[in-house]
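# Breakdown of the fold
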Amino acid sequence: MAKTPKRVAVTGAAGQIGYSLLFRIANGDMLGKDQPVILQLLEIDNEKAQKALKGVMMELEDCAFPLLAGMTAHSDPMTAFKDADVALLVGARPRGPGMERKDLLEANAQIFTVQGKALDAVASRDVKVLVVGNPANTNAHIAMKSAPNLPAKNFTAMLRLDHNRALSQVAAKTGTAVGDIEKMVVWGNHSPTMYADYRFATVNGKSVKDLINDQEWNANTFLPTVGKRGAAIIDARGASSAASAANAAIDHVRDWVLGTNGKWTTMGVPSDGSYGIPEGIVFGFPVTTENGEYKIVQGLEIDAFSQERINLTLNELNEERAGVAHLLGQ
Ligand SMILES: NC(=O)C1=CN([C@@H]2O[C@H](COP(=O)(O)OP(=O)(O)OC[C@H]3O[C@@H](n4cnc5c(N)ncnc54)[C@H](O)[C@@H]3O)[C@@H](O)[C@H]2O)C=CC1
Ligand SMILES: O=C([O-])CC(=O)C(=O)O
């Protein structure tokens, strides 16, 4: 018997990432090739954006995806998130000319407060939320805080693009295949301060750290390359990463829902205090997933260099959180 369709809400659906993401969700790449989906698409209440969304929906229709059981267009999160099983919060306010980081944080804090409240009111109690829109970790924190009736663990932020970028850089450096690398970790914020950590990684069972054996490359080439990859893409393409971001969102939710079979991946999740990260901070951690739940990998040794890097990215997240605390009544 065919499965009951899952409701997938996507915000910013007429944007760049949306254009790469929706077709793959409808094709079964995210929830499985036997799982029908209903797309509930949110865009801003603006004629141009809503018209563009209609255009994307026309193309989705024209793909005749067998798994696409329905789709609706929305300008109100209260209808877009109704009974949603998965919510991909992609739409966000981009940085405009003359806008300070603080203004960007505040503009997005408002969006994610409203969306968190709407999820709280109308989404499935098991909704799995992935925040992609930047600043992703802090936006996820705000949505989580705005949804007190939903479990905090349902709110996650996307570090998977950083994780995938780290895998590719390590594969190129070691002359190995991406698919053979396991146990990569990216700690912290989705920003240039993130700490991609290959100390535990293996390739075909061999230690990546031993294979590379070059701390100078780690500190001065690898980390800046992964950290500034978003900016490098903008410089090269004239537009920010879209297809790779959509791909990472698919990877994140697929692994969360369908499990990693004991393998590690990276998710931005509210800290439970692991590794000294204050509870509730949405932080990139190594996780394994099973039966729709993630678990933070425990017991990893944090050496002095790693602690310094983790502190740096944590400080940035603390500052971001302090910058929006007044909006959360904290
Ligand atoms: N976490 C990550 O690894 C990555 C995050 N990003 C972020 O993802 C976000 C989206 O990127 P793009 O699709 O390239 O941007 P885009 O500007 O092409 O599309 C964003 C869409 O969101 C819509 N939108 C804005 N506010 C909204 C709201 N309140 N409700 C519903 N829709 C809303 C806009 O109308 C626009 O169509 C950006 O914040 C970007 O910085 C991008 C790449 C990687
Ligand atoms: O930098 C940006 O705006 C896009 C982004 O988050 C990334 O590519 O990692």
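Per an unreviewed UniProt entry, the recorded name for the protein is Malate dehydrogenase, and the organism is Massilia cellulosiltytica. Regarding the protein, the UniProt comment filed under Catalytic activity (unreviewed entry) reads as follows: "(S)-malate + NAD(+) = oxaloacetate + NADH + H(+)". Under the heading Sequence similarities (unreviewed entry), UniProt records this for the protein: "Belongs to the LDH/MDH superfamily. MDH type 2 family."

As a structural note, the neighbourhood of ligand 2 is formed by Asn134, Arg165, His190, Gly230 and Ser241. Between an oxygen atom of ligand 2 and a side-chain N or O atom of Asn134, the distance comes to 2.9 Å. Within the side chain of Ser241, one N or O atom sits 2.7 Å away from an oxygen atom of ligand 2. Burial of ligand 2 by the protein chains amounts to 71% of its free accessible area of 270 Å². Its atoms largely coinciding with the cavity grid, ligand 2 occupies the largest pocket. The residue inventory of the shell around ligand 2, partitioned by class, reads no nonpolar, four polar and one charged.

Time to look at empty space enclosed by the protein. For the structure on display, the rule yields one cavity of 30 Å³ or more. Reported here for the largest cavity is a volume of approximately 50 Å³. It is helix α5 (residues 136–145) that provides the largest number of residues to the lining of the largest cavity, a total of three residues. In terms of residue class, the lining of the largest cavity is built from three nonpolar, three polar and one charged.

Bringing the nonpolar core into the picture now. By size, the foremost hydrophobic cluster in this structure holds 40 residues, and its most contacted members are Val170, Trp187, Ala196, Tyr198, Phe222, Phe283 and Phe285. When residues no more than four places from it in sequence are discounted, the contact partners of Phe285 are Val186, Trp187, Thr265, Thr266, Met267, Val269, Ser271, Ser274, Tyr275, Ile277 and Ile296. Counting 34 residues, the second-largest nonpolar core is a separate cluster that includes Ala26, Leu31, Leu41 and Leu161.

Around ligand 1 sit 23 residues, and of these Gln16, Ile17, Glu43, Val132 and Asn134 come closest. Between ligand 1 and the protein, one listed contact pairs an oxygen atom with a side-chain N or O atom of Glu43 at 2.6 Å. Within the contact set of ligand 1, an oxygen atom lies 2.8 Å away from a side-chain nitrogen or oxygen of Asn134. Relative to its unbound accessible surface of 870 Å², ligand 1 loses 81% to contact with the protein. Contributions of two or more residues to the shell around ligand 1 are made by α1 (16–26) and α4 (101–122).

Sequence positions flagged by UniProt for "binding site: NAD(+)" (unreviewed entry) are, in local numbering, Gly12, Ala13, Ala14, Gly15, Gln16, Ile17, Gly18, Asn108, Gln115, Val132, Gly133 and Asn134. Checking the named residues against the largest pocket, the ones that line it are Gly12, Ala14, Gly15, Gln16, Ile17, Gln115, Val132, Gly133 and Asn134. Topologically, Gly15 is positioned in the loop between β1 (6–11) and α1. Within the fold, Gly18 resides in helix α1. The buried category is assigned to Gly18, whose relative accessible area is 0%.

Time to look at the pairing of strand β13 (residues 282–290). In terms of residue burial, β13 counts as a mostly covered element, since seven of its nine residues are buried. Note: strand β12 (residues 265–270) against β13, six bridges, orientation antiparallel. Among the inter-strand pairings, Gly268 is bridged to a residue of β13, identified as Gly284. Here four bridges tie β13 to strand β14 (residues 293–296), and the two strands are oriented antiparallel to one another. Bridge pairing in β14 links Thr289 to Tyr294. Between β13 and β14, which pair antiparallel in sequence order, lie two residues; one of them, Asn291, sits at a positive phi of approximately 50°.

Looking now at the UniProt feature "binding site: substrate" (unreviewed entry) in the protein. The sites that UniProt annotates as "binding site: substrate" (unreviewed entry) are Arg95, Arg101, Asn134 and Arg165. Of the residues just listed, which span 71 residues, the most distant C-alpha pair is 24.6 Å apart, and they do not cluster in one region. Set against the largest pocket, the annotated residues that line it come down to Arg95, Arg101, Asn134 and Arg165. Checked against the element boundaries, Arg101 lands in helix α4. Every residue in contact with Arg101, bar those within four places of it in the chain, is listed here: Arg95, Glu316 and Glu320. Residue position: Asn134 is located in the loop between β5 (128–131) and α5. Once residues within four sequence positions are removed from consideration, Asn134 is found in contact with Ala92, Asn108, Asn139 and His190. A polar side-chain atom of Asn134 sits 3.4 Å from the main-chain amide nitrogen of Ala136.

Calculation criteria
- Throughout this description, residue numbers start from 1 for each chain and increase along the sequence as written.
- Chains carry letters and ligands carry numbers; both start at the beginning, A for chains and 1 for ligands, and go up in the order they are written.
- Totals for whole chains, interfaces and linings use every residue, but because this is a predicted model, local features are given only for residues with pLDDT of at least 70 and side-chain atom pairs only at 80 or more, for both listing and counting.
- Think of the side-chain values as coming from all heavy atoms in the structure, minus any hydrogens and water.
- UniProt positions are given in the numbering used here, feature names are shortened, and annotations may be inferred rather than shown by experiment.
- Distances are taken per atom, and a residue is near a molecule or strand as soon as one of its heavy atoms is within 4 Å of it.
- A 3.5 Å cut-off defines polar contacts: any pair of N or O atoms within that distance qualifies, except that in protein one atom must be a possible hydrogen donor and the other a possible acceptor, and neighbouring residues in sequence count only when both atoms are side-chain atoms.
- Note on areas: Shrake-Rupley with a 1.4 Å probe; residue coverage comes only from the protein chains shown.
- Here a cavity is any set of points on a 1 Å grid over the protein atoms alone where a 1.4 Å probe fits but cannot get out, and a pocket is any open set with protein on both sides within 12 Å along at least 5 of 7 lines; a residue lines the site when it has an atom within 4 Å of a point.
- Each molecule is assigned to a cavity or pocket provided more than half of its atoms lie within 2 Å of the corresponding grid points.
- Think of it as three bins: nonpolar holds Ala, Val, Leu, Ile, Met, Phe, Trp, Tyr, Cys and Pro, charged holds Asp, Glu, Lys and Arg, and polar takes everything else, Gly as well.
- Grid points are joined across faces, edges and corners, and a volume is the space filled by probe spheres set on the points.
- Under the scheme used here, helices are H or I runs from DSSP no shorter than 4 residues and strands are E runs no shorter than 2 residues, and both carry numbers assigned from the N terminus.
- Among buried residues, the Ala, Val, Leu, Ile, Met, Phe, Trp, Tyr and Cys ones that are joined through side-chain atoms within 4.5 Å form a nonpolar core.
- Think of it in three bands: with a 1.4 Å probe and only protein chains considered, a residue is buried below 20% of the maximum accessible area for its type, exposed above 50%, and partly exposed in between.
- The contact definition used throughout considers only heavy atoms, calling two residues in contact when any of these lie within 4.5 Å.
- In this scheme, strands are said to pair when DSSP sees at least two bridges between them.

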